[in-house]
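Given next are the chains, with one letter for each unit.
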Amino acid sequence: MNISPFAVPLGAFVMVVIIVAIGSMKKMREKELEAHQQLRTQEMEHERKLKELELEKAKIELEKVRSSKIG
C-alpha cells in the first residue's frame, strides 16, 4: 500500500478544521440558547407589567364607579 506524502498532513489539517468547526458550533448553540432564555425572560416581564396595568385600570374604573354613585 503506497500512501501519498500529503495524506498525513492533509488528514491532520482536516481533523483540526473539524475540531474548530465543532467548537464554533457549540458556541453558536450556547449563544442561541442564551438568546432564547433572555427573550423568554423579557416576555415574562412584559406579561407581568401588562397584568399590573390591567389591575391598575380595574382599580381606577372601580374608583370612578364608586365616586359616581356617591356624587
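Not measured: the values here are computed from a predicted model. (Residues numbered from 1 in each chain as written. Predicted model: local features only at pLDDT ≥ 70, side-chain atom pairs only at ≥ 80, totals over all residues. Heavy atoms only, no water.)

**Q** Help me get a handle on the overall build of the protein, residues and values and all.
**A** Looking only at helices and strands, the protein has one helix and zero strands in total. On C-alpha atoms alone, the protein measures out to a radius of gyration of 31 Å, which is more than a quarter above the 11 Å that the 2.2 N^0.38 rule sets for 71 residues. Considering only C-alpha atoms, the protein reaches an extent of 105 × 15 × 10 Å along its principal axes. By residue count, 0% of the 71 residues in the protein fall in the buried class. Carbon and sulfur atoms provide 66% of the accessible area of the protein, an area that totals close to 7,200 Å². (Helix = DSSP H or I, 4+ residues; strand = E, 2+ residues; numbered from the N terminus. Rg over C-alpha atoms; globule rule 2.2 N^0.38 Å. Buried < 20%, exposed > 50% of the residue type's maximum accessible area, 1.4 Å probe, protein only. Areas by Shrake-Rupley, 256 points an atom, 1.4 Å probe, with all protein chains shown as cover.)

**Q** I'd love a proper account of the pattern of salt bridges, names of residues and values included.
**A** One pass over the structure, following the stated rule, counts four salt bridges. For Glu32, the salt bridge identified is with Arg29, shortest N-O distance 3.4 Å. Here the residue Glu32 and the residue Arg29 both occupy positions in helix H1 (residues 7-70), the gap between them amounting to three residues, near one helical turn. By relative accessible area, Glu32 is classed as partly exposed at 38%. The class for Arg29 is partly exposed, based on a relative accessible area of 44%. A salt bridge links Glu43 to Arg40; the shortest N-O distance between them is 3.2 Å. One end of the pair, Glu43, and the other, Arg40, are both in helix H1, three residues apart, so they sit about a helical turn from each other. On the basis of relative accessibility, which here comes to 39%, the residue Arg40 falls in the partly exposed class. Several salt bridges converge on common partners, so that one network encompasses Glu45, Arg48 and Glu52. (Salt bridge = Lys/Arg side-chain N within 4 Å of Asp/Glu carboxyl O.)

Purely spatial values, then, with no claim about function.
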